[in-house]
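What follows is each chain in one-letter form.
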Amino acid sequence: GSGRMVRSGSRQVEATGPSGGEGIREARIVAADPSIPFGTRLRIESLGECVVRDRGGAIRGQRLDIFQEGPEAHKKALEFGRRNLRVWLLTETHR
């Protein structure tokens, strides 16, 4: 596929409800480790293109947090749960 794999293996991807990333609609919003700059575009297996726009206290290393929006956000987050998915780096914003 296009892009390069972000490290080898997979990342733990977890869904959450509303956060500080609300209002950005060009791609799904993810929280990522501070080593991945804001604005970095990722392709996540079975989810498609995402953009790093948030951080989280428990989001370190190989973890990502997928923002869920809308009135059913909490329910969607619980249904998604935690998964190990492949992640590709599409573009990286330089600090």
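Residues numbered from 1 in each chain as written. Predicted model: local features only at pLDDT ≥ 70, side-chain atom pairs only at ≥ 80, totals over all residues. Heavy atoms only, no water.

K.L.:
Looking at this model, I keep getting lost on the environment of glycine 56. Mind explaining?
P.N.:
Along the chain, the position of glycine 56 falls in the loop between strand E5 (48-54) and strand E6 (63-67). For the pair glycine 56 and alanine 32, spaced 24 residues apart in the sequence, the C-alpha separation amounts to 7.2 Å. (Helix = DSSP H or I, 4+ residues; strand = E, 2+ residues; numbered from the N terminus.)

K.L.:
Whenever I open this one, the environment of valine 30 confuses me. Can you help?
P.N.:
Counting through the fold element by element, valine 30 comes out in strand E3 (residues 28-32). A relative accessible area of 0% places valine 30 in the buried class. When sequence neighbours within four positions are dropped, the list of residues in contact with valine 30 reads Leu42, Ile44, Cys50, Val51, Val52, Arg53, Asp54, Asp65 and Ile66. (Buried < 20%, exposed > 50% of the residue type's maximum accessible area, 1.4 Å probe, protein only. Contact = heavy atoms within 4.5 Å.)

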